[in-house]
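Residue-level listing of the chains:
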Amino acid sequence: MSKSLQQKNTRYLLIWLPLVLLIGTILFIVLMSMHARHMQEQQLELKQENIWNAFMAKPETIAWHITGEYDLVKGTPFSNNWLNKPRDTTIYYADKMERVAFGLLTERHLFNGQSYQLTTYISSKEIRHMIIKAIIAEVFIFVLILGAIVIINRKSSGLLWRPFYDTMKKVKAYDIIQNQALQLKEQTGIFEFNQLNQEITSLIQNVNQAYRNQRQFVENASHELQTPLAIIRSKLDLLINSPDLTAETADLLADITDATERLSQMNRNLLLLTKIDNNQFPERTRINVSDVMEKLLAYYQEYYDGDLPVINKSVQPGIYLMANASLIEILINNLVTNSIVHNIPNGHVDIRLTHNELIIENTGHSITGDPEQLFERFKKGREQSQTTGLGLSLVKQICHSYQFDLQYSYAEAIHRVRVVFANL
Amino acid sequence: MKLLVIEDERSLLESIIQYFRQEKFLCETASSYHEGIRKVEDFLYDCIILDLNLPGGSGLQLLKYLRQNKKSEGVIIISARDSLDDRIAGLDLGADDYLTKPFHLSELNARVKALIRRKYSEGTSLLELGALKVDLLSRNVLVENQQIALSKIEYDLLLFLMTNKNRVVSRLAIAEHIHDGPSEQLPSTDFVYSHIKNLKRKLKEKGCNEMIQSVYGLGYKLSS
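Residues numbered from 1 in each chain as written. Chains lettered and ligands numbered in written order. Predicted model: local features only at pLDDT ≥ 70, side-chain atom pairs only at ≥ 80, totals over all residues. Heavy atoms only, no water.

Asks: Got a minute to help me understand the interface of chain B and chain A in this structure?
Replies: Interfaces are often sized by the amount of accessible area the parts lose when they come together. Facing 39 residues of chain B, the contacting portion of chain A comprises 40 residues. Regarding the contact of chain B and chain A, the summed buried area is about 3800 Å², with carbon and sulfur atoms giving 58% of it. In this structure, the connection of chain B to chain A is made through one salt bridge. Across the salt bridge formed by A:R233 and B:E176, the nearest N and O atoms sit 3.0 Å from each other. Looking at the side of chain B that touches chain A, the elements that each hand over two or more residues are helix 1 (10-22), helix 5 (105-120), strand 12 (168-170), helix 7 (171-178) and helix 8 (190-205) of chain B. With six residues, the top contributor of residues to the side of chain B that touches chain A is helix 1 of chain B. In terms of residue class, the side of chain B that touches chain A is made up of 18 nonpolar, twelve polar and nine charged. (Contact = heavy atoms within 4.5 Å. Buried area = accessible area lost by both parts, 1.4 Å probe. Salt bridge = Lys/Arg side-chain N within 4 Å of Asp/Glu carboxyl O. Helix = DSSP H or I, 4+ residues; strand = E, 2+ residues; numbered from the N terminus. Nonpolar A, V, L, I, M, F, W, Y, C, P; charged D, E, K, R; others polar.)

Okay, structure coming up:
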């Protein structure tokens, strides 16, 4: 699963930084303990020296034993193994009912030919307490550092990546069909992003150019096709008037006429598509869509008296759109025509127009293939040779240029096309 | 009637003049801008059929030249360009009609005849074929002075067939001619059949039997 750059960065920091800090803490504890031990040894040595000096100065006045301070004995009661090495022990304080840890050091001294053994004590409790307090302080500081690093990192990477997000937003909003140049900042203050913007800008320029060329090509090709088509049509007009026309040639002619007709219709639609692509329908007026719909339906009733499927309409009057009149007529005409052409015998068409949407439902055979592709050029719902395969792509293109939402669904033998108007 | 066809596509040019010669037009041709200018200078025509893309200059220039020199021939532009702007440009320069390629010769014929009627013979607004009379001003159809009540579509259909009388007019040409709604996509041309049937029935009721013949399903022919 992909995460955002910042999330990823924070996650990374949160995984590794605590680990590093933990190792640091352990290291700190070990070093602290070692130093504390060393310090204790020094203090034990110092005490040995001080007490022995005091003893030697006034051997009779000094106490032989002070709990938690020192122990002086005549002779050598302890084995040599215990000598000169700091050891640990605990002393029980009855009044406090507490066992306290001590470090102790025993050394042998000679005085007037008599050997003595002196053991000095230094309490470990205070040192231990200090170590614990230092560790707590250290952990607290580490947590603070961790938080600060994460926050600073987030802030700074937000700042760092801002040009990138700007660029991404613009690239996202870019629409090849509008064919506009993409304006990206040339100077972002970061070398890599300058380069990225430069590369994207030139890439888009090339893409735009290629797209323009392709559109121009389609337009030119369609235009050039018109003349041969005109020739074929005129020759066909002459041929059907020839006096020695037989039933056999008439059949052939009928087929040629149909094919030619499809060709010229396809060509007309292609031209129309390129023109919409090329934004050659810029003028917009306030169109009464209800009127357009009613006129079209009346027209169909008049021309196709009896041959039509049953049309149930619910057209709300006075629905207006700011758009190009020709395009809206084509849009509605193509959708209605489509619902009639691809109907079944004794089928029906339901048309609903409200202030924000147009829904056309019709009975019909299920389509073969992906319904998403129905609105692509030259894609047909079924293998039906009479249609050009461009009617619905015109619809799609028109919807796209006005940002209408176009939806298609098929369920229970009903095709449903829904257009949601945007610019109300 | 004299007709000048200015079109650089020879094959199309030939089709057009062949069709109009059968209509008893005197046809002159030109296949370039300069030839067109020369012909226009030298003769007077009743109607000029003008292509826009010509070698040596554009049809629009030729049209401008024509109107600047106070020549009042009727001009019908035939062009592969079908945008509204092209159409407006042509009509603004004084063309009388604008027909987009590919077109049907029967449609061109109907446009030429309508233009000539409008321009030159305001008085005679009566078309006749056998016992059938069509009054173009009052839009009345008479058979031996008996009026036939026709719907608008049937009237347009009859008029179109009369303009192209004695010729086979293809079903598609009829469909395109009488179809004045949004023209991008006709669901089918089947509607022509039912309107022809109605028209036939109405003519038959008034005694005009068998005037409209179907020709192998390709089209229809009106003759006396």
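Asks: Can you walk me through the sheet that holds strand 6 (residues 74-79) of chain B in this structure?
Replies: Sheet strands pair via backbone hydrogen bonds, and the direction of the pair is either parallel or antiparallel. Residues and elements named next belong to chain B. The parallel open sheet is built from five strands, whose spatial order is 2-1-3-6-7. Strand pairing shows two members of the sheet lacking a second neighbour, strand 2 (26-30) and strand 7 (97-100), which therefore form its edges. For this sheet, the mean inter-axis angle between neighbouring strands, taken without regard to orientation, is 20°. Against the sheet, helix 2 (residues 33-42) engages strand 1 (2-6), strand 2 and strand 3 (47-51), with an angle of about 140° to strand 2. Strands in contact with helix 5 are strand 1, strand 3, strand 6 and strand 7; relative to strand 6, the strand with the most contacts, it is inclined by about 160°. (Pairing = 2+ DSSP bridges. Axes fitted to C-alpha atoms, helices over the stretch in contact; angles between N-to-C directions.)

Asks: Can you walk me through the packing of helix 6 (residues 152-163) of chain B against helix 7 of chain B in this structure?
Replies: Helices that pack against each other are described as a pair by the angle of their axes relative to one another and the distance between those axes. Residue and element names in this part refer to chain B. One way to put it is that helix 6 packs onto helix 7 with a least axis distance of 10 Å and a crossing angle of 130°. Relative to helix 7, helix 6 is oriented oblique. Regarding helix 6 and helix 7, the two cross each other, and that crossing is right-handed. Contacts between helix 6 and helix 7 involve I153, D156, L157, F160 and L161 on the former and, on the latter, A173, I174, H177 and I178. (Parallel < 35°, antiparallel > 145°, perpendicular 65-115°, else oblique. Left-handed = near helix turned anticlockwise from the far one by under 90°.)

Asks: Would you mind showing me how to read the side chain of B:S223 here?
Replies: In this structure, B:S223 sits in the segment after strand 14 (219-222). Take B:S223: its relative accessible area is 13%, and that puts it in the buried class. (Buried < 20%, exposed > 50% of the residue type's maximum accessible area, 1.4 Å probe, protein only.)

Asks: Can you help me understand the sheet that holds strand 1 (residues 65-66) of chain A in this one?
Replies: All names here are of chain A. Strands sit in the order 1-2-5-4-3 across an open sheet of five strands; the sheet is antiparallel. Strand pairing shows two members of the sheet lacking a second neighbour, strand 1 and strand 3 (87-93), which therefore form its edges. The pairing of strand 2 (residues 70-74) with strand 5 (residues 114-123) spans five bridges and is classified as antiparallel. Within strand 5, the position partnered with V73 by the bridge is Q117. Packing of helix 1 (residues 5-57) onto the sheet brings it into contact with strand 2, strand 3, strand 4 (98-111) and strand 5, and relative to strand 5 it is tilted by some 135°. Its contacts with the sheet put helix 2 (residues 125-173) on strand 4 and strand 5, and the angle it makes with strand 4 is roughly 125°.

Asks: Hey, could you run me through the packing of aromatic side chains in this one?
Replies: Here the distance between the centres and the angle between the planes together describe a pair of aromatic rings. On inspection of all chains with the given rule, the structure shows 19 aromatic pairs over all chains. Measuring from ring centre to ring centre gives 5.7 Å for A:F55 and A:F111, while their planes differ by 65°; the resulting arrangement is edge-to-face. Taken together, the positions of A:F55 in helix 1 and A:F111 in strand 4 put the pair 56 residues apart, joining distant regions of the chain. Under the relative-accessibility criterion, A:F55 is labelled buried at 2%. Seen from their ring centres, A:F164 and A:Y165 are 5.8 Å apart, and the 75° between their planes marks the pair as edge-to-face. Among the residues examined, A:F164 registers a relative accessible area of 25% and is labelled partly exposed. Every member of this aromatic cluster is reached through a ring pair, and the members are A:W52, A:F55, A:W64, A:F111 and A:Y116. In this arrangement the basic side chain of A:R286 is found over the ring face of A:Y320, its NZ or CZ atom lying 3.9 Å from the centre. Here the basic side chain of B:R167 rests over the ring of B:Y19, its NZ or CZ set 3.5 Å away from the ring centre. (Phe/Tyr/Trp six-rings, centres within 6.5 Å; stacked < 30°, edge-to-face > 60°. Lys NZ or Arg CZ within 6 Å of the ring centre and 35° of its normal.)

Asks: What is the right way to look at the pattern of salt bridges in this model?
Replies: Side-chain pairs of opposite charge can arise where the charged atoms are in close proximity. In this structure the tally under the stated criterion is 25 salt bridges over all chains. Its salt-bridge partner being B:E7, residue B:K101 comes within 3.2 Å of it at the nearest N-O pair. Residue B:K101 is located in the loop between strand 7 and helix 5, and its partner B:E7 is located in the loop between strand 1 and helix 1; the two are separated by 94 residues in the primary sequence. Among the residues examined, B:E7 registers a relative accessible area of 0% and is labelled buried. Two residues, B:K101 and B:D51, come together in a salt bridge whose shortest N-O distance is 3.3 Å. With B:K101 in the loop between strand 7 and helix 5 and B:D51 in strand 3, this residue pair connects regions lying 50 residues apart in the sequence. The pair formed by B:K101 and B:D51 is uniform in burial state, with each residue classed as buried. What you see here is one network of salt bridges that share partners, running through A:R233, A:E261 and B:E176.

Asks: Would you mind showing me how to read unusual backbone geometry here?
Replies: Keep in mind that most residues, glycine aside, have a negative phi and that most peptide bonds are trans. With omega at -5°, the peptide bond leading from B:K101 into B:P102 counts as cis. Mapped onto the fold, B:P102 is located in the loop between strand 7 and helix 5. Positive phi, close to 55°, is recorded for A:Q403, a residue that is not glycine. In this fold, A:Q403 is placed in the loop between helix 7 (391-401) and strand 11 (405-411).

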